[in-house]
Structures are given as structure tokens and as C-alpha cells.
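# Analysis of the macromolecular model
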Amino acid sequence: MSNIRDIKPKTINLTIDGKACSGVFGQTILEIARENDIYIPTMCYLTKVLPIASCRMCVVDVEGVDGLILSCQEKATNGAVIHTQNSQLYKERQNIMKLYNVNHPLECGVCDKSGECDLQNKTMEFGVSGQNFTTKEPFRPVQNWGHISYDPALCIMCEKCVRVSTEITGDEALKVHFGGYSSTILNVKENQNFSSLGEAAAVCPVGALVSTDFKYTANAWELDKVPASCSHCSSACQLDYEVKHDKVYRVTNNAEHSNLCGAGRFGFDFANENVSKDKEAFNQAVKAFGEAKNIQFSSNISNEEALILQKLKELKGYNLVSKEAKDYQTFLKAYSEVTGSTLYSGNLKALSQSRGIIVMGTRINNDNPMVKYHINMASKWHRARVAYMHPVEDTLMQNVVTQFIKYEAGSEEGVAALLTYTLLKDIKVPKGIQTMLDNLDIGNLSAETNIGEEELEALAKSLLKKSGFSLVVGADVYAHPRASNIAKLLGLLEHLAGFNVVLVPPTTNALGVSLICELDDAVEGLTVGYNVKGDFTLSSFGEGDLDMPAMNQQEGTLTSIDKRVVPTHVARTYGGYVLNDIANALGLNETYTINYTEQLPKDKGFESAEFDALPNYFDAMGNENRGYLLKAQKASANRKIEDIEEIRGLDGVVVYNCNHIDQFTPLTEQCKTLNQDKYLLGSQQFATAGKLRDGDTIGYTIDGVKFERVFKIDTSLKGTIALNPTFDMGLSSALLSSYRFSQVKLERVGNLI
Amino acid sequence: MSLEQFKNRNVGTQNYKKLDLSHSPSSGWGEFKQVVSRTFKPELFVGLWVTLREMGNALLGGKMHTTQYPFEKLPISPRYRAIHEMLRLMESGNYRCIGCGLCEKICISNCISMETRYDENQRKEVSKYTINFGRCIFCGYCAEVCPELAIVHGQRYETASEQRASFSLFEDMLTPIDKLNLQQEYQGFGAISPNADDNIKKTPLAY
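Calculation notes
- Residues numbered from 1 in each chain as written.
- Chains lettered and ligands numbered in written order.
- Predicted model: local features only at pLDDT ≥ 70, side-chain atom pairs only at ≥ 80, totals over all residues.
- Helix = DSSP H or I, 4+ residues; strand = E, 2+ residues; numbered from the N terminus.
- Buried ≥ 20, exposed ≤ 12 C-beta atoms within 10 Å, placed from the backbone.
- Pairing = 2+ DSSP bridges.
- Axes fitted to C-alpha atoms, helices over the stretch in contact; angles between N-to-C directions.
- Domains from an automatic or database assignment.
- Contact = placed C-beta atoms within 7 Å.
- pLDDT = per-residue confidence, 0-100.
- Parallel < 35°, antiparallel > 145°, perpendicular 65-115°, else oblique.
- Nonpolar A, V, L, I, M, F, W, Y, C, P; charged D, E, K, R; others polar.

### Brief notes about unusual backbone geometry
For the bond running from Tyr69(B) to Pro70(B), omega is 5°, close enough to zero to count as cis. As for its position among the elements, Pro70(B) is in the loop between α3 (43-59) and β1 (84-86). Residues other than glycine seldom take positive phi values, yet Asp17(A) does so here, at roughly 50°. Checked against the element boundaries, Asp17(A) lands in the loop between β1 (11-16) and β2 (19-24). Although it is not a glycine, Asn103(A) adopts a positive phi angle of roughly 60°. Structurally, Asn103(A) can be placed in the loop between α2 (87-100) and α3 (118-125). According to the C-beta neighbour criterion, Asn103(A) is partly exposed, with 14 such atoms within 10 Å.

Shown next, in the form of C-alpha cells:
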């Protein structure tokens, strides 16, 4: 199983506009030109997808070749002499611009894109001062597709949106309707209102695809861009909050090189507003901290806040309690004992370049859309085999998943063992491991986990002739009672089979918190909660005793799934107290929270970089220069793997804590354009088993948190496990962090028959 | 350019009145006679007669020259930059503003603030528009940049009020729909006054 990226690239030399350039065999002329700061105009080219080649703007002249060459898709050859600017090319490009301007509505004055429009820029660049041609204009009304609107009259048919929807987000909602001048873009899945189409709108070079909510509310030049990182999930994607008069109007990103899911793009109105300095509440908070034994917090906090909590622990001896981060920390530690490195090896870029991907223990499209996008990229670009292992099927993954392997909820340890066995049995492994593998009772495990041996055979077979594998592991296994052993089993895949393993952090900054804080279990005594219900509660979404800023009201760094420490800045003003004020009152002494950035622990892989010195940009070739990458440290090895414990399956009514798409936390709940459905979603089978009807209100308790939800039948679901969203539980949300599958007793509320 | 045209004193026929200055006395006796004659001649009443005649004309003949401010106002130059006005389209009565936001952007004292939205007719609607006249320096850039001649400087120069807010709302500045027929087209930034031609005269003096 060698890695395809190990093959040595062949260097080629060529001349572009008299400048000697060198590139790698396989690169296109345009890529090499951009690397060498040579400008070739383009309209339809989008760096992050495959060349579209619909605009023909990028034509160049290659000496010795008849006709014009499309530089975006033509691979450069050694010794080629290329001209990118001459009068013939200029005329060619000018004619293309004249044709783009046929009947293009002259409504730049009101168009959302005005000021950042590719068509405007290129029309000016090629001196097209009038509309030279015209044609009969068909009736093409504006279409409202939910999150985004489409104006066919403005569309220039560059097809970027279609490519993004297919190659990147994988919703495959947009299609081209070919028809000469009356060609349009179709939304074939309009009823599903994918928020991921925001990504398609982001790449639109004109004002044809725009956010419905933003449309006509502000102009591009009026908005201040605040560079930030998305705080909804652990991908911590790059984004810019666009602000005017202390209001976030929209979120944009560097759509040329990076991606953003629908929640990141449309979920920006979660600031803790109208907060002033409440001296009394602050004094009470300091008093509560004085008496507290525990600080319980959700790990949706910045690295700096985590460090403040850790310093307070060192100072006052608190127990730091954060269930999901603690589980993740324990898992990561056990994992590192096998791999010998404190961090997992994988990252998203490598995931998108994989030829074989195994997803386990996560409903990934809901838990971390960016991981799903990268799986989709691998599927579309490298025809990757994707095995999706989970107790609940996901219809939205169907177009990328090549093999769905369903296992019994609760049997994750057995699944990990089977997976390890299947993928390692043909590889030479150390003796101890071999013995462990030989001792596995495969027949029994297969029966217990409900994974057929033939399914595993098929999986092994499908990966046989491939190279470059990834394993995506999700939050289901971190809180499993046998998490440590699962971690070790999966660690073998990275250690021995060279898998690119991504352990998806369960919350935004679970990775950062697990590295910075020494986490404990709660003890008897007063608890101060930070975004969690405690005896005294600090909250960034109201409901608490003292207000705290939301993530878009504070500056700091987050640790992303890519093991990258990324900076985020203040988009909205905040008038209240922050955690640093409390820390200063308790004996720490730093003026600003970001003074802690350079104090982040070096022995955990952080750098001693000042916050203001952190870079935050993508270069012309799309290389990410945001913050810095954590350096994995050596970990003490302990490769002893315990025997697989007998599997305790879950019987009866089982619900799976899983937020609906676009929803992650109580912060996303406040975003008014995101899907606000709060139903318990189950299959017809679940309804029959639980004697439920669509629309019944039922009550149940998980981890001591009482739920009361309307049950809804989702025809796309199968099996007997229902999906229970947790994002709307406010301060109780973070309490729900034990094993995600739970057996519950349903009680009908209200309409008794 | 030569100086010739400036030296040309041929001013044509103008209705200038020349003063009759031929009677200046040259001797002491002459001066004495002038004083005595001016003192005892009834020329005083000639002057007073003019006053009485004009008073009679004004009060009885209806030839009043006084502008009865504030009941009457003199027209001012179109170049004058007074409180802004928002004009309507003559044909439809819709306001002209398309909400492009250029005035807000160009405003050097940051006093224009606007909000727009997508309305039911798929048009950009101006949902809020205010000018903070405490900050406005009446530079006229907003009127100059407006692509639709929607925001212009009007003739309303009396800007004393109990509240600045009395001027600053979109509705206050907008031409009332029932006075649409009275709406004056803005001549543009730097326009000349309507009777500018009449006021032009060639000066008899060289400079």
C-alpha cells in the first residue's frame, strides 16, 4: 500500500513571455504562469475545481502550434515557448467580452456584485465601452431557490457553480440546461434547499447567484471584511464577516481556494447583543469562582480561553470538566500510544487526494460538512472507494459512498477490530500485533457487530489495487466505554498501514482544549459553568448569570481538524466582561486575552507566535497560510491492545444524538436563516416499533436532560434508530456528551388516545 | 491673447447716465452762492416728493418693491447648495433613487446612511435613508455622483429648526406626490441662474 504522492515529480522548463519558468510535469500552462506571476485573464477558471474551459479567455499562443491553446487545461510541455499577450489574443479576448455583454442588463447600480464583478472588471480591462451585439431576449424571471436566488438574465454560463455543486459540496443540485443563448442553470433539487449552494453562489463571477437574504441590502464596497475562522464545527474554515454599522450582512470566503459549508456561510447572526458591563453580576462571578470546585465548559472556546482556564486551574486547583473534550483527549492519548505521535497524521487535503476512504462512527455530513466535501472531492477527482460504516444510513452520502457497512450501535470496538483485521491481515506486522490479530474471533465479532464477513472481503477487495487511503473517525467512538482500545486498534491502521487518519474533533475546539487543558471528572461541590448549566453560569447565548462574548465577538485562535491554529477576529462589538477580566480579578495578569496566544504550550506542539503576527491568507497557488500547523510531538508507546470485550448491543428504542444539517450548537440555533427543525426524526420502522405516528409529541430523557419533541417520519431513513437533535437545548447541550446512541423510554405527551 | 481686446473701449450703446458736473464753483464767492442757493431752494421737497410718490404708488398703486420675507422669497441661484431633495420620476411618480449607495460612499462627512432591501417587485427598495445634517457640510458630492439625478440640492435654505431630524428623513426630502407637477428639474451641478444672460454686461473699464 504505497502512497501515490511519493512518486517523484518530473521537472519541466518552458518560456512564458520571455521569462524562463519551471514547473512540474502534469501542471497546466496557466498554473505555471500563475506560479511565476504571469497574468493570463480568465473568466470561468476556478482554481479549486478541474478546468471548466467554457470561456476561452485564457487562450495563449504556443510557438510551433497552429491555433490558440487553452492554457487552463493544456498541460505544459518541456521547452515550450508561450506568448500570453499579443494583438491577436487581445482581439480574441475582447470579442469574448463583447459576447458576454450581449443583453447583459445594465443594472450595475443595484446589482449585488457591482464592485467585485469579474464581468465589470474584464469589460473595463478589454475596453468594451458599449454593447455591440444584441439578440431577442427570452423571458427569464428571477428564481428564488431558498438560500440563494438565481437571475438567468445576469448569468454568463461559466458553469463554476455547477462544478462546485458537483465536485466540492457534492449536493449535485445544479445542472446546465443547454440551449444556445437561452442556456440556463437548473436546480434539480430545489425542494431540498441545500444551504451548501451558498458555496456555488460564492464562486459566481457575476450577480446571477446571490444570497436571497443578502440580496439588495448592501453594496460590496460598503462592507468591511473582518477575517475570521468559522466557529461552528472543528473545520474552523476561513471566512470573512462582512460588516456595516456593527451588523454582519453576509459571510464570504476565499472561494477561489477554500470552501465553506452552508452553516458557516448563512449562520452568522449569533452575537450576544446589547450586553453592558454588569458590575454586580461580575462580582458574583468572581465570588463564585472563589468558592468553585469545578469549572465545567463546552469546548467551543478559543485556545486562549482554554489556556486561561488551565492557568486558573494551576492557580486555584479547579477541576476542569469538559466531557466531550475529555473523551477526545483520552482517545487521542490512547491513539498516540500506538502511533508514537501526539497527533493523528491526516488532514483534509490528503483526504481529498485519497483513493480509498473509510468513514466510521460519524454521520459525517451532519457532524462536519467540510470532511464530507473532501470525501466528495476524492470521489469525484480520484474515483475513490468510500466505505461508510455506521448504524444509520445517510441518503445524502449515497452519491459518494461505494459501500455502506451497517453495524450494531454499541459494537464499535468489534467494528474497529474487524476493520483492523481486514486491512492488516495481508501486511507484515510485528509479532505481538500478529498474535493479537490471530486471536480475534472473527466469526463471533462478525455476528455481534452484524457485519458480514463477505462485506469485509468486499471492502478489502475494493481497496486492493488502490493506494492512498484515509480513515475518518467520528465522535461516536470517543465516548464509547471501550474508547481507549478502539483508539489503539485504529491507531494500528495509521502506524502499520500508512492510513491518513482524521479523528474528527467532536466540537469546534475539542482538539485545542484537549491539548491545552488537563481535564478532570467533576467532583462534589460548586460548579461554575461556561456555556454549560452550572451553579453559576457564564453564557454567550443569554440564559446565564453573566454574559460572555460569542465567538464572533472575540479575538483568539482555534485549533482546526487540520491541526492548524487559526486566528479569528472581532466582527461585532461587545460591551460586557470577558473571561480574561475574571481571570485578572482572580490573580492572573494580562491586559488582553490574545496575550495568551504566545503562551500556548510548546510541549504540545504550539508555537510561541504573537497573535498579531499570525498570517491569514491563501497565496496565488492556493497554499493555505493561516496561523500555523501544530507540530506533533513524540509520544511514549504502549502498543498493548486489550482483548475485545463482549459487545453490549442496545435494544428497544434507540435514539442517536445528531443535529440536523447546518445545526451544531446553541449558537447556530440563533441563526435565523438556518434550518430550525427540531423534530425527532425516525423511519417508518421506528414509528411502528415505538407505536408512534407522525406528529406525535413525545418526551424522553438522555443524560438527565429532558427532551420533548415532535416525532416526524423521515422516509429517507431506515432501521430502528431515530435522530435526536441537541443544538436547541441551550445550556444543557454540552451535557449531552456521553455515548451518542442511547436507549430511551418514550412517553407520549399531550394527545393521549 | 493680446491686450488689444482689453484696450477696446468701444462699449457700444449702453444706458449709462453721465453726471452733470459742469457747475463746480471755482471761487470763494461762487461757493458761498452755491451754499445759499442750495439752502433756500425747494429742492428738498423735490427729493421728498419722490419718496411721497413712491409711497403712494406702493400703498395705493400696488407697486410695492419690498419682498415680504418670510411670506415672499426671492429665487436663488440653482448653484446654491441648500437642503437636499429627493426627486421623483415625472412619468410614474416613483422615486428615482435606485439605492445604489454611491452617495453614501462618496459622502466625505459620513452623514448619509441608507438601508436597502429586495422588495416584492424584485426591485431594490430604499427602506431607510437619512442624512445627518449636523454633520453635512453641503459639499454637493452626493448630488454630483448620483447616476439618476435623484438626490439634488433644493432651494430650501432656511435651516433653523427645533430638531435636525426635521429635515433628514427620506419622506421629508422626497417631492410630495401631489406636488409632482411643481417639481423642478435639477439643472446640474454648476448650472447658471435662469436670467444669467440678462445680467451679462460689458464693463466700460479696462482691467
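Now that the structure has been shown, we can carry on.
### So, the sheet that holds strand β13 (residues 247-252) of chain A
All names here are of chain A. An order of β11-β12-β13 is seen for the three strands of this open sheet, with the pairing classed as antiparallel. The outermost strands of the open sheet, each flanked by one partner alone, are β11 (224-229) and β13. For this sheet, the mean inter-axis angle between neighbouring strands, taken without regard to orientation, is 35°. In terms of strand pairing, β11 meets strand β12 (residues 238-244) through six bridges, oriented antiparallel. Bridge assignment links Ser 229 to a residue of β12, and that residue is Gln 238.

### Overview of the domain arrangement of chain A
All names here are of chain A. For chain A, the domain assignment lists domain 1 (7-85), domain 2 (227-322 + 520-630), domain 3 (327-503) and domain 4 (654-748). With centres defined by C-alpha atoms, the gap from domain 2 to domain 3 works out at 32 Å. At the junction of the two partners, domain 2 supplies eleven residues and domain 3 supplies nine residues.

### Side note on the confidence of the model for chain B
In the predicted model, chain B carries a mean pLDDT of 85, and the fraction of residues at 70 or more is 95%. This complex was scored by the predictor with a pTM of 0.89 and an ipTM of 0.75.

### As for helix α4 (residues 160-168) of chain A
All names here are of chain A. In terms of burial, α4 is largely enclosed, as nine of its nine residues are buried. Taken as a whole, α4 has its buried residues at Lys 160, Cys 161, Val 162, Arg 163, Val 164, Ser 165, Thr 166, Glu 167 and Ile 168. On its buried side, α4 packs onto β8 (174-177), β9 (184-187), α5 (197-202), β10 (209-211) and α12 (369-382). Positioned one or two residues after α4, Gly 170 has a phi angle of 75°, which is positive.

### Some words on the packing of α4(A) against α12(A)
Packed helices, taken two at a time, are described by the angle their axes make and the gap between the axes. Residue and element names in this part refer to chain A. The contact between α4 and α12 brings their axes to 7 Å, and the two run at 100°. As judged from the angle between their axes, α4 and α12 are roughly perpendicular. For the pair α4 and α12, contact is made by Thr 166, Glu 167 and Ile 168 and by Tyr 373, Asn 376, Met 377 and Lys 380, respectively. Its residues placed into classes, the contact of α4 with α12 shows three nonpolar, two polar and two charged.

### A short note on the interface of chain B and chain A
Contacts between chain B and chain A engage twelve residues on the former and nine residues on the latter. Going through the elements one at a time, α4 (102-106) and β2 (112-118) of chain B are the ones with two or more residues in the side of chain B that touches chain A. When residues in the side of chain B that touches chain A are grouped by element, the largest group, three residues, is from β2(B). In the side of chain B that touches chain A, the residues fall into four nonpolar, four polar and four charged.

### So, the sheet that holds strand β6 (residues 143-144) of chain A
Backbone hydrogen bonds hold the strands of a sheet together, and the pairing may be parallel or antiparallel. Residue and element names in this part refer to chain A. Pairing within the open sheet is antiparallel, and its three strands lie in the order β6-β7-β10. Whereas interior strands pair on both sides, the edge strands pair on one side only; in this sheet they are β6 and β10. Where strand β7 (residues 148-150) and β10 come together, three bridges link them in antiparallel fashion. Along β10, the bridge assignment pairs Ile 148 with Ser 211.

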